[in-house]
Amino acid sequence: MELKSNVPEGALAEKWTKYRSTMNLVAPNNKRRIDIIVVGTGLAGASAAATLGELGYNVKAFTFHDSPRRAHSIAAQGGINAAKNYQNDGDSVYRLFYDTIKGGDYRSREANVHRLAEASRNIIDQCVAQGVPFAREYGGLLANRSFGGVQVSRTFYARGQTGQQLLLGAYQALSRQISLGNVEMYNRHEMLDLVKIDGKARGIIARNLLNGKLERFAAHCVVLATGGYGNVFYLSTNAMGSNVTAAWRAVRRGALMANPCFTQIHPTCIPVSGDYQSKLTLMSESLRNDGRVWVPKKKEDAEAIRNGQKTGLDIAEDDRDYYLERRYPAFGNLVPRDVASRAAKIECDKGHGVSPTGLAVFLDFAAAIERYGKSRAHSLGLHNPNAAKIRELGEKVVEEKYGNLFQMYEKITGENPYKMPMKIYPAVHYTMGGLWVDYNLETNVPGLFALGEANFSDHGANRLGASALMQGLADGYFVIPYTIGQFLSKEIRTPSISPDHEAFATAEEHTREQLQKLINVKGNQSVESFHRRLGKIIWDYCGMSRSAEGLTKARQMVRELREEFWKDVFVPGDMDEFNPELEKAARVADFMELGELMIIDALDRNESCGGHFREEYQTPEGEALRNDKDYTYVAAWEWDDNDPVLHKEELQFDNVELKTRSYK
């Protein structure tokens, strides 16, 4: 299979503008005759459905939630990047492009990343027009802050609720199209199969989650915007319902899964507290603007903290190791996520962890509180304020910037982060891998498109903070409305697709058989217990670090677990009824197969890059050691139960120099 990226010719900075001006269009009168299915209504899906509806297409939108407002996009706290250069600190479209390519460790497609950087500027204007309440400076201008992997301030934010506010903006745009009849909304429906007719994606089989009924939906093309697969690890920052099923069922119908081993571990999460925890909580990366990461220099101090004999406040300044500032002086606490996560693991592995489990480091705001307090006192004309007053004023400034995040931390941990250093540790957060797509965001299956975290295209081996929201909205508002025309312009003579077609009947029957097979096992173990065991295998052997020996062992473990699952899982109830356990069982079955493919991909890539750290391939300083000669490609996998087939898209770098990442 030859993978064609369909990147247009021309200079990088002009590709998108010229392509957009010359691509095929669908006339307004023809758009009214074309049906589009959009699966997923997070930022990418809601913005795509709203925009396509506004353009005149007939759109059917699907979510397994009770409302699009429940999409996991609301959990993105810290901000959204845009190359506006409002701070006049040297930012530009090219710099955002370069930071993203470098942050992804040179494993992403140049043309897609540059288009993303270009679109970023329009996203902010779009969202402001929708009423998104971005933070503003004293004079009324939009405020910016910094995120990891960059040396400029380009992140727009709405306190710690940026994802929620952006989703509400997209949701109101979607709601308007629903009210006008341009978008038909299907809540509590989960896609369980992709229907192909003559090789083209022409519809889906969905299960009504309220009554269990399988339903057929037909269209001229299908757009998947169903998020990432981080919950394969069981413990992650993802919502409990986040899954891979829609994308994986497309893979089973011939779509390629690209770079599945590229998963992101976020360094700033509340540490695991016990064996029976089912969810991890993200603390926004924005906190690293002002928080300083450290561990005790002395193992005995760390041990005393773990045993409850000391707290972080008892450790003198000279006895603290601000290890990110020590190891990476140019970026300090704002190194990229993969770098910060591995550094935390190294310190904890050496015995310097500060939680009872030994898996935590400190994120300390004392210096920021003092700095802000002195500045606020000066602006108020307070001369020689005492330490208590400085602290009081500083805490108010920090509260204005991060108040809801601090409140959330205190509710979960019972500790006041204004008084005590936060405890944080890396956790699974985002997946850079996803369905393979070309420049048009079309998969190798004609008529099947993938947006946002569901595709692989923009982040390479590591995503920079505040870029997930940027990609989701860029794909939905500013890319797919143009590029979908390249496919649909050839479909204007195609009549409405009938759900009575034989292909729909066959797909529905296959889906029914799979669901009934799960119910018929009648085993003794819960779905949850299998998911937990799978997650531990993937985390232990395909998490923050990997090795050939561990991955080989893990593949066999996953295959054995999968066999046990199909012999001994217990799914109560029936298929044709409200049955959340059946929903979970189908998703975990898909995670079993995806988990094996992640391991295969990690084993095949004999290098370290970004979030993929192979222990055999590292520098003497413990940094990732890439192999550009042999692995500068996208690994796109065709699924087979026994031996998945690798297809390669070679990556060309004509505008940036391939060199070792350095944040020192």
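Residues numbered from 1 in each chain as written. Predicted model: local features only at pLDDT ≥ 70, side-chain atom pairs only at ≥ 80, totals over all residues. Heavy atoms only, no water.

Chemist: So, the layout of surface pockets: which residues are in play, and what are the values?
Modeler: Each pocket or cavity is described by its volume, and for the largest pocket that value is around 770 Å³. Residue lining of the largest pocket: 30 residues in total, with Leu235, Val272, Lys536, Trp539 and Asp540 positioned closest to the centre. Of all the secondary structure elements, the ones that give two or more residues to the lining of the largest pocket are α10 (337-349), β15 (422-431) and α15 (527-542). The dominant element in the lining of the largest pocket, judged by the number of residues it contributes, is α15, at 6 residues. Classifying every residue of the lining of the largest pocket gives 15 nonpolar, 7 polar and 8 charged. Counting the residues that make up the lining of the largest pocket, at least three belong to each of domain 1 (266-428) and domain 2 (502-626). As for the second largest pocket, its lining consists of 15 residues, and the residues nearest its centre are Arg136, Glu137, Tyr157, Glu400 and Lys401. (1 Å grid on protein atoms, 1.4 Å probe; cavity = no way out; pocket = protein on both sides within 12 Å on 5 of 7 lines; lining within 4 Å. Points joined across faces, edges and corners; volume = space filled by probe spheres on them. Helix = DSSP H or I, 4+ residues; strand = E, 2+ residues; numbered from the N terminus. Nonpolar A, V, L, I, M, F, W, Y, C, P; charged D, E, K, R; others polar. Domains from an automatic or database assignment.)

Chemist: Describe the side chain of glutamate 491, naming the residues involved and giving the relevant values.
Modeler: Counting through the fold element by element, glutamate 491 comes out in the loop between α13 (468-488) and α14 (502-520). Other than its neighbours up to four places away in sequence, glutamate 491 contacts Lys200, Arg202 and His220. (Contact = heavy atoms within 4.5 Å.)

Chemist: So what's going on with the domain arrangement of the chain? Residues and values would help.
Modeler: Considered domain by domain, the chain is made up of domain 1 (266-428) and domain 2 (502-626). For domain 1 and domain 2, the distance between their C-alpha centres works out to 34 Å. Summing both sides of the interface, domain 1 and domain 2 together bury roughly 890 Å²; the carbon and sulfur share of this comes to 54%. If you sort the residues of domain 1 by the area they bury against domain 2, Asp338, Arg342 and Lys345 come out on top, with a joint share of 46%. In this assembly, domain 1 and domain 2 are joined by 1 salt bridge. (Buried area = accessible area lost by both parts, 1.4 Å probe. Salt bridge = Lys/Arg side-chain N within 4 Å of Asp/Glu carboxyl O.)

Chemist: Any details on the packing of helix α4 (residues 93-103) against helix α5 (residues 110-130)? Residues and values, ideally.
Modeler: Where α4 contacts α5, the two axes come as close as 9 Å, and the packing angle between them is 135°. On the basis of their axis angle, the class for α4 and α5 is oblique. Judged by the sense of rotation from one axis to the other, the crossing of α4 with α5 is right-handed. Side by side, α4 and α5 meet where Val93, Leu96, Phe97, Thr100 and Ile101 of the first sit next to Glu110, Val113, His114, Ala117, Glu118, Ser120 and Arg121 of the second. Its residues assigned to classes, the contact of α4 with α5 comprises 6 nonpolar, 3 polar and 3 charged. (Axes fitted to C-alpha atoms, helices over the stretch in contact; angles between N-to-C directions. Parallel < 35°, antiparallel > 145°, perpendicular 65-115°, else oblique. Left-handed = near helix turned anticlockwise from the far one by under 90°.)

Chemist: Can you explain helix α6 (residues 162-180)? Please cite residues and give values.
Modeler: Between its first and last C-alpha, α6 extends 28 Å over 19 residues, near the 27 Å set by a 1.5 Å rise per residue. All of the buried residues along α6 are Thr162, Gly163, Gln165, Leu166, Leu167, Gly169, Ala170, Leu174 and Gln177. Residues of α6 that are buried in the fold lie against α3 (43-55), β3 (80-81), α5, β4 (155-156), β5 (183-186) and α13. Of the residues flanking the end of α6, it is glycine 181, one or two places downstream, whose phi is positive at about 85°. (Expected span 1.5 Å × (residues − 1). Buried < 20%, exposed > 50% of the residue type's maximum accessible area, 1.4 Å probe, protein only.)

Chemist: So what's going on with the environment of alanine 507? Which residues, and what values?
Modeler: Mapped onto the elements, alanine 507 comes out in helix α14. Judged by relative accessible area, which is 2%, alanine 507 ranks as buried. Setting aside residues no more than four positions away along its own chain, alanine 507 makes contact with Asp193, Val195, Ile205 and Arg253.

Chemist: How would you sum up the sheet that holds strand β13 (residues 320-321)? Please name residues and give values.
Modeler: Read across the open sheet, the 5 strands follow the order β11-β15-β14-β12-β13; overall the sheet is antiparallel. Each end of this open sheet is capped by a strand with a single partner; those strands are β11 (263-269) and β13. The sheet contact formed by strand β12 (residues 292-296) and β13 spans 2 bridges and is antiparallel. Among the inter-strand pairings, proline 296 is bridged to a residue of β13, identified as arginine 320. (Pairing = 2+ DSSP bridges.)

Chemist: Run through the nonpolar core, naming residues and quoting values.
Modeler: Soluble globular proteins tend to pack their nonpolar side chains together in the buried interior. Counting 182 residues, the largest nonpolar core has Ile36, Ile80 and Ile484 as the members making the most contacts within it. In terms of residue count, the dominant contributor to this core is helix α17 (residues 580-604) (13 residues). Non-local contacts of isoleucine 484, meaning those with residues more than four positions away in its chain, are made with Ile36, Leu52, Tyr57, Cys221, Val223 and Phe449. Membership of the second largest hydrophobic core comes to 8 residues, among which are Val195, Ile497, Ala503 and Phe504. (Core = buried A, V, L, I, M, F, W, Y, C linked by side-chain atoms within 4.5 Å.)

Chemist: Before we move on, can you summarise empty space enclosed by the protein with the specific residues and values?
Modeler: A full pass over the atoms with the stated rule returns 6 cavities of 30 Å³ or more. Space inside the largest cavity adds up to approximately 840 Å³. Lining the largest cavity are 50 residues, and of these His72, Ser73, Gly227, Gly228 and Glu453 sit closest to its centre. Elements represented by at least two residues in the lining of the largest cavity include exactly α3, β6 (189-197), α7 (245-252), β15 and α13. Looking at the lining of the largest cavity, the element that brings in the most residues is α13, giving 4 residues. Residue composition of the lining of the largest cavity, grouped by class: 19 nonpolar, 26 polar and 5 charged. The space that makes up the second largest cavity amounts to roughly 60 Å³.

Chemist: Describe unusual backbone geometry, with residues and values.
Modeler: One non-glycine residue, aspartate 198, lies in positive phi territory at about 55°. Classification of aspartate 198 as exposed rests on a relative accessible area of 78%. In the Ramachandran plot, lysine 522 falls in the positive-phi region, its phi being about 55° despite a non-glycine side chain. On the secondary structure map, lysine 522 appears in the loop between α14 and α15.

Chemist: Which residues make up the pairing of strand β9 (residues 221-224), and what values go with them?
Modeler: Within a regular strand, the side chains alternate between the two sheet faces. Burial of the side chains of β9 extends over both faces: Cys221 and Val223 are buried on one face and Val222 and Leu224 on the other. In terms of strand pairing, strand β1 (residues 35-39) meets β9 through 4 bridges, oriented parallel. Residue pairing for β9: valine 38 is matched across the bridge by valine 223. Here β9 runs beside strand β17 (residues 448-450); their pairing, made up of 3 bridges, is parallel. The residue of β17 that forms the bridge with valine 222 is leucine 448.

Chemist: Talk me through the side chain of arginine 154; I want residue IDs and the actual numbers.
Modeler: Along the chain, the position of arginine 154 falls in the loop between α5 and β4. Polar contacts involving the side chain of arginine 154 include one to the side chain of aspartate 91, which spans 2.7 Å. If we skip the residues at most four places from it in the chain, arginine 154 touches Ile80, Asn81, Ala82, Asp91, Arg95, Leu96, Asp99, Asn144 and Arg145. (Polar contact = N/O pair within 3.5 Å; in protein donor to acceptor, adjacent residues only side chain to side chain.)

Chemist: Explain helix α1 (residues 12-22) residue by residue, including any values.
Modeler: Regarding α1, the residues found buried are Leu12, Lys15, Trp16 and Tyr19. Along α1, the residues classed as buried sweep out an arc of 80° about the axis, all on the same side. (Arc of directions from axis to C-beta.)

Chemist: Residues and numbers for the packing of helix α16 (residues 548-568) against α17, please.
Modeler: Packed helices, taken two at a time, are described by their axes: the angle between them and the distance between them. Look at α16 against α17: their axes get within 9 Å of each other, and the N-to-C directions meet at 160°. Taken together, the axes of α16 and α17 lie roughly antiparallel to each other. By crossing handedness, the relation of α16 to α17 is classed as left-handed. Of the residues in α17, those touching α16 at Ala548, Leu551, Thr552, Ala554, Arg555, Val558, Arg559, Leu561, Arg562, Phe565 and Trp566 are Ala585, Val588, Ala589, Met592, Glu593, Glu596, Ile599, Ile600, Ala602 and Leu603.

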